[in-house]
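Descriptive analysis of the structure
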Amino acid sequence: MTPTTPARRRILLSAFACSPLWGSEPGVGWRWALELGQHHDVTVLTHAYFRDQIEPLVLRGGTPGVSFEWFVVPGSLGHPHHQLNSRTYYWLWQLAARKHVKALLGHKPQDLIHHLTWGTYRFPSFLGGLGVPLVLGPVGGGETAPWRLWRRWPWREQLFYGVRQLSIVLSRWDPFVMWSMTRAACVLTKTRETRAALPWFARRKAFEASEIGVAPVEPLPPQVRDSAAPLRLLYAGRLLGGKGVPYLLPMMKTLVEQGVAVHLTLAGDGRLDSWLRRRIETLGLASFVELAGKVPRERMQALYDTSDLLVFPSWHDSSGNVVTEALARGVPVVCLDLGGPRYAVDAACARVVSTAGLDEDGVAGALAAQVKELAGDRSLLASMSAAALRRIGEMTWTHQVARAYTIIGAQLGWQAAAPAVLADQSLGEVACV
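**Some points on the packing of helix 1 (residues 24-37) against helix 14 (residues 397-412)**
- Taken N-terminus to C-terminus, the directions of helix 1 and helix 14 make an angle of 75°; their axes are 10 Å apart at the nearest point. Between helix 1 and helix 14, the angle falls in the class roughly perpendicular. For the pair helix 1 and helix 14, contact is made by V28, R31, W32, E35 and L36 and by W397, T398, V401, A404 and Y405, respectively.
- Here the contact of helix 1 with helix 14 is built from residues that sort into seven nonpolar, one polar and two charged.

**Focus: the confidence of the model for the protein**
- Per-residue pLDDT for the protein has a mean of 91; in total, 91% of the residues score no lower than 70.
- Here residues 416-426 is modelled with pLDDT under 50, and outside its nearest four sequence neighbours on either side it reaches 26 contacts, counting other chains as well.

**As for the environment of D361**
- Along the chain, D361 falls in helix 12 (residues 360-375).
- Residues D361 and T182 lie 179 residues apart in sequence; the distance between their C-alpha atoms is 42 Å.

**Focus on the packing of aromatic side chains**
- Inspection of every chain in the model, using the stated rule, returns 24 aromatic pairs.
- Residues W22 and Y49 carry aromatic rings whose centres are separated by 5.8 Å and whose planes lie at 45° to one another, so their mutual orientation is tilted. Placement of W22 in the loop between strand 1 (10-15) and helix 1 and of Y49 in the loop between strand 2 (41-47) and helix 2 (51-59) is noted, with a sequence separation of 27 residues between them.
- Among the residues examined, W22 registers a relative accessible area of 33% and is labelled partly exposed.
- Residue Y49 is classed as partly exposed on the basis of its relative accessible area, which comes to 24%.
- Pairing Y90 with W118 gives two aromatic rings, centres 4.1 Å apart and planes at 5°, and the pair type is stacked. Taken together, the residues Y90 in helix 4 (residues 87-107) and W118 in the loop between strand 4 (112-117) and strand 5 (134-139) connect sequence positions 28 residues apart.
- Using a relative accessible area of 0% as the deciding quantity, one classes Y90 as buried.
- Members of the aromatic cluster, connected to one another through ring pairs, are F16, F71, Y89, Y90, W93, W118 and F123.

**Remarks on the nonpolar core**
- The biggest cluster of nonpolar side chains holds 72 residues, and the ones touching the most others in it are L233 and M251.
- Residue contacts for L233: discarding those within four places in its chain leaves M251, M252, V262, H263, L264, T265, L309, V311 and V371.
- A15, F68, L134 and L198 belong to the second largest nonpolar core, which has 64 residues in total.

**So, the sheet that holds strand 1**
- Ordered in space as 3-2-1-4-5-6-7, the seven strands form an open sheet in which the pairing is parallel. The open sheet has two edge strands with one neighbour each: strand 3 (66-71) and strand 7 (206-208). For this sheet, the mean angle separating the axes of adjacent strands, direction not counted, is 20°.
- Alignment of strand 5 against strand 6 (residues 186-189), held across three bridges, turns out to be parallel. For V135, the partnering residue across the bridge sits in strand 6 and is C186.
- Its contacts with the sheet put helix 2 on strand 2 and strand 3, and the angle it makes with strand 3 is roughly 155°.

So, how was this worked out
- Residues numbered from 1 in each chain as written.
- Predicted model: local features only at pLDDT ≥ 70, side-chain atom pairs only at ≥ 80, totals over all residues.
- Heavy atoms only, no water.
- Axes fitted to C-alpha atoms, helices over the stretch in contact; angles between N-to-C directions.
- Helix = DSSP H or I, 4+ residues; strand = E, 2+ residues; numbered from the N terminus.
- Parallel < 35°, antiparallel > 145°, perpendicular 65-115°, else oblique.
- Contact = heavy atoms within 4.5 Å.
- Nonpolar A, V, L, I, M, F, W, Y, C, P; charged D, E, K, R; others polar.
- pLDDT = per-residue confidence, 0-100.
- Phe/Tyr/Trp six-rings, centres within 6.5 Å; stacked < 30°, edge-to-face > 60°.
- Buried < 20%, exposed > 50% of the residue type's maximum accessible area, 1.4 Å probe, protein only.
- Core = buried A, V, L, I, M, F, W, Y, C linked by side-chain atoms within 4.5 Å.
- Pairing = 2+ DSSP bridges.

Quick look at the structure:
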């Protein structure tokens, strides 16, 4: 083995959610498994629900370097669909998996246990202290926003995010989180906000890395845009407060009143659906805002292709898969300087709005100002579209996993363990406007 040849390690990847058919967390589990299997011998521990999706691919030889361990909590509670979305079940699954993994290590030794999904630091892994180094992450869940940015939201949203922010504060003293962090050799966090939310002792071994990526992007044919047509804005995601949805309607009201030709499509569903419908009528925006509902994944690409700009003012997300999906289709982004989306973009392909000192109306106004500027300068928008495709070329799954394992390898003393693709070990952040 030459000094530049990666050492092939045995990795147990704990991915409760892992699916070749789904996006979000299950998609992350699947793509990381495939990427790691190119360089290491990977055993994936996942929920048995995904067996029917994965096993046909295994039998066809579609997962080289990767094998699977299917696990459910003995005497499982409820239907699998409920289990996959239940925080209580997930916690019990993680706890019960410790005994299963301990037995597995007896006949299948591993060099590393890597907990990947769910990627939220407040839901701990119990796979530490088994005689094998444990790596956690990339994990998120520490992203917050000051109360002034959500104090006039519907009371259910205020209650939800109030409880969420309280749980972030209390998690620093959660004995289960502290137990998990104590036994981890390395913690990867999706954002610096999550790193700051960790128990104090864990921050010393925490590093920033992204968990989301894209397949290599094929060159797109030039998009011919009608500069006289309304600017087509897209929001894609759950209709939740922390996703920034409440800022979008006052933003649109401001743009319409200023005479900007613009149309917004809201693709997604969620608990604010009815509230948004009432607000659209109250603000007189029925001709300018479309509620498209939940859009199937196979139709989202076409929706990106007919949009000029993704407006995604979320501070709830640690990553924001829709941002990378939009960039991969050449769609520039407007987001906030809070949460994870800003880490996926750069100044050439996005506008990151500063929230310093602003309230809800101020954020809506700042978003409107950015959209108005781009609506009036379609050549700038075209250059941002080209920059989006250049940016996404740096965010393939291969690059993202390689960056993370460069950090892991350095922390564990694997001198040649990381894949050959090396890059900076921290996430970038674009300047705010």
